[in-house]
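# Structural overview for review
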Amino acid sequence: MRKGVQLRKPGSARRRKPPQRRGRSRGDLEARELLEELRAHQLEMEMQKVELETQNESLRAVQAKVQTGLERYTQLFDFAPIGYFTITAEGLIREVNLTGAHLLSVARSQLVGRRFLAFVVGADRAAAQDFLGQVLSAPAGQKSRSCEVRLHGERRQRIEVRLTASVMQGEAPTALVAVEDVSARVRAERDLRQEVHHKDEFLAVLSHELRNPLAPIRNSLGVLEQGAQGEQARRAHEVIGRQVAQLTRLVEDLLDVTRITRGKVRLHTQRVELTGLVASVVDDHRAGFAASGILLADRLAPAPLWVDADSARLVQVLGNLLANAQKFTDRGGRVEVELERGDANAFLRVRDDGSGLATELLPALFKPFVQAPQSADRPAGGLGLGLAMVKGIVALHGGSVHAASAGPGRGSAFTVQLPLAPATTPPEQPAQARLASSGRRVLIIDDNEDSTDSLGELLALQGHDVRVAYDGPKGLALARDFKPEVVLCDIGLPGMDGYQVARALRAEEATNGPCLVALTGYALPDDLRRAREAGFDKHVAKPPSMEGLLQLLSELPRRAPTAGGGTTDRTGNFLTK
């Protein structure tokens, strides 16, 4: 080390005096810089505070949305129209909504922690357990599974449900199960299957019932074709008459049920004394019951019972009930007809001691095509439509009908309830129309040649002057020359239908006078309206009864030809539509 040199301690330095400046000192500058830094830091802190408050506001908004969503989820879960259950891997109910608790008729608080399978009907429990096992073992995101089982609640009522479930993954897999009550659908499907079954049975029965009369008709016609005379011919005619009547009744039953179910039946209501009507119908059936070896008794109200009703339809109701009782009552049995007054209703009851009815058959007894079981030879016959007609007709009168039976072999009873009308005096009965003293000039227009010719021959045998035509144009030409008093015209004619024929007849002075009668199978209210608008005076449904047709001809006013080709009545007044 050189002598005379003084060493400094590390870190020490010689302080130099700052240069002298004019104006401000160095300390003022440093203070100003420090102040600027503080202000910048303060501004930065304020910006961070604003940013933090903004973030907090966003977090609060997100939290509010989460809370709103949670509340909405809870509401959707609780008040969903189908039941929801969350079920653990052990099969325990962890959560359930209000609908699910209602389905089981158990308070929600009492369901948590209980086994779900305990509420499944025993016969369906294995299927439900297998279903839940497959759901819980499935990977997350797999398509939901479904199955249908029966559940019962604490009150033991049973419901048909559809289970739809998927797995929710977490610490342990949990099944989310939707439980939908499908009892109404299952009942509807069951009823539909039964209805289809009944209709299939009905078609088989219809084939049987329609074929049965054809054999004796054909055999009797063969007897007549062989030239049978005397007693043999008479018997053949009687057989044909009975079997044709049976075919007519079957067709009328089919048509009546169709009209009733479609609401196309129009009642011709008038004040009717029910006691006398019932007594008359019972008397009409006594001979048939006697021939079957069945006692037909009656016990009727002593005082008159008045109802506002269609008397012909009430006769049909009682006739069907009596026919039903006769079918299912053995020889030596008893059928009783009762009529009694209630406070505001009349009660008509047909009771028998016959084969009776099974309890399960009673609810469906008044539906079309439903019949009590019969043996293969169908001794009772019928199409299973009579009771359906009874219910429909009684309902149109504002009444009701009820069936009761103590069981097979213990008889049955059918009770009809009809509202009573205020007591009144019997209405005046119209005088019976006098039959025409001489025949009418009748023109028949129908494309069914067999039907037209046979009807013409029957009317001719009654003294009427008859002409026939098989289509509209020929009928019009014949009307101009023949100048008929009555035209019986079919509606379903080829080319020119009956409505066009009627309008053409009314349009010509030479043919506009006759009474036009629509003779047709089209008998619904709309058909009647169209016939009336086309110019027809009367409407007769096919097949017409000869008695009714002759009565119609007898009631028409007597007319005579006019110089212009029309007709006048005997007072000289020109008759047009």
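About the cut-offs
- Positions within a chain are numbered from 1, following the residues in the order the chain's sequence is written.
- For a predicted model such as this one, the threshold for reporting local features is a pLDDT of at least 70, and the threshold for listing and counting side-chain atom pairs is 80 or more; totals across whole chains, interfaces and linings nevertheless cover every residue.
- Remark: hydrogens and water are excluded; side-chain values derive from all non-hydrogen atoms of the structure.
- Between any two strands, pairing holds if DSSP finds at least two bridges.
- Strands are runs of DSSP state E lasting at least two residues, helices are runs of H or I lasting at least four, and both sets are numbered from the N terminus onward.
- Axis definition: a line fitted to C-alpha atoms, over the contacting stretch in the case of helices. Angles run 0 to 180 degrees between N-to-C directions.
- By definition in these notes, contact holds between two residues if any of their heavy atoms fall within 4.5 Å.
- When a carboxyl oxygen of Asp or Glu lies within 4 Å of a side-chain nitrogen of Lys or Arg, that pair is called a salt bridge.
- Here is the rule: rings of Phe, Tyr and Trp (six-membered ring for Trp) pair when centre to centre is within 6.5 Å. Planes less than 30 degrees apart are stacked, more than 60 are edge-to-face, and the remainder are tilted.
- Exposure classes here rest on a 1.4 Å probe applied to the protein chains alone. A residue is buried below 20% of its type maximum, exposed above 50%, and partly exposed in between.
- pLDDT expresses, on a scale from 0 to 100, how confident the predictor is about each individual residue.
- We call a crossing left-handed when the near helix sits turned anticlockwise from the far one by less than a right angle, and right-handed when that turn is clockwise.
- Amino acid classes used here: Ala, Val, Leu, Ile, Met, Phe, Trp, Tyr, Cys and Pro are nonpolar; Asp, Glu, Lys and Arg are charged; the rest, including Gly, are polar.

### Focus: the sheet that holds strand β11 (residues 400-404)
Reading across from one edge, β7-β9-β10-β12-β11 is the order of the five strands in this open sheet, with mixed pairing throughout. Unpaired on one side and paired on the other, β7 (295-299) and β11 mark the two borders of the sheet. Adjacent strand axes in the sheet meet at a mean angle of 15 degrees when their direction is disregarded. In terms of strand pairing, strand β9 (residues 334-341) meets strand β10 (residues 345-352) through seven bridges, oriented antiparallel. What sits directly across from Val337, in β10, is Val350.

### So, the sheet that holds strand β17 (residues 538-541)
Read across the sheet, five strands follow the order β14-β13-β15-β16-β17 without closing on themselves; strand pairing throughout is parallel. Each end of this open sheet is capped by a strand with a single partner; those strands are β14 (465-469) and β17. Within this sheet the neighbouring strands show an average axis-to-axis angle of 20 degrees, counted without direction. Where strand β15 (residues 486-489) and strand β16 (residues 515-520) come together, four bridges link them in parallel fashion. Opposite Val487, over in β16, you have Leu516 as the bridge partner. Where helix α10 (residues 449-461) meets the sheet, its contacts fall on β13 (441-445), β14, β15 and β16, and the angle it forms with β14 comes to roughly 170 degrees.

### Considering the pattern of salt bridges
Scanning the entire structure with this criterion turns up 21 salt bridges. The partner of Glu340 in a salt bridge is Arg349, and the shortest N-O contact between them spans 3.7 Å. One continuous salt-bridge network, built from bridges that share partners, spans Arg299, Arg334, Glu336, Glu338, Glu340, Arg349 and Arg351.

### Thoughts on the packing of aromatic side chains
One pass over the full model with this rule turns up one aromatic pair. Each ring, one from Phe85 and one from Phe116, has its centre 5.3 Å from the other, and the planes form 65 degrees; the classification is edge-to-face. Linking Phe85 in strand β1 (residues 83-88) with Phe116 in the loop between α3 (108-111) and α4 (122-137), this pair joins segments that are 31 residues apart in sequence. Given a relative accessible area of 1%, Phe85 falls into the buried group.

### Observations regarding the pairing of β11
The two faces of β11 differ: Val401 and Ala403 on one face are buried, but Ser400, His402 and Ala404 on the other face are not. Where β11 and strand β12 (residues 412-419) come together, five bridges link them in antiparallel fashion. From the neighbouring strand, His402 faces β12, where its bridge partner is Thr415.

### Some details on the confidence of the model for the protein chain
Mean pLDDT for the protein chain: 79, with 79% of residues reaching 70 or above. Here residues 426-437 is modelled with pLDDT under 50, and outside its nearest four sequence neighbours on either side it reaches 10 contacts, counting other chains as well. Here residues 560-577 is modelled with pLDDT under 50, and outside its nearest four sequence neighbours on either side it reaches 40 contacts, counting other chains as well.

### With respect to the packing of helix α8 (residues 311-327) against helix α9 (residues 386-396)
α9 packs onto α8 with a crossing angle of 145 degrees between their chain directions and a minimal axis gap of 9 Å. Here α8 and α9 pass one another in a crossing that is left-handed. On α9, the residues touching Arg313, Gln316, Val317, Asn320 and Leu321 of α8 are Gly386, Leu387, Met389, Val390, Ile393 and Val394. Its residues assigned to classes, the contact of α8 with α9 shows seven nonpolar, three polar and one charged.

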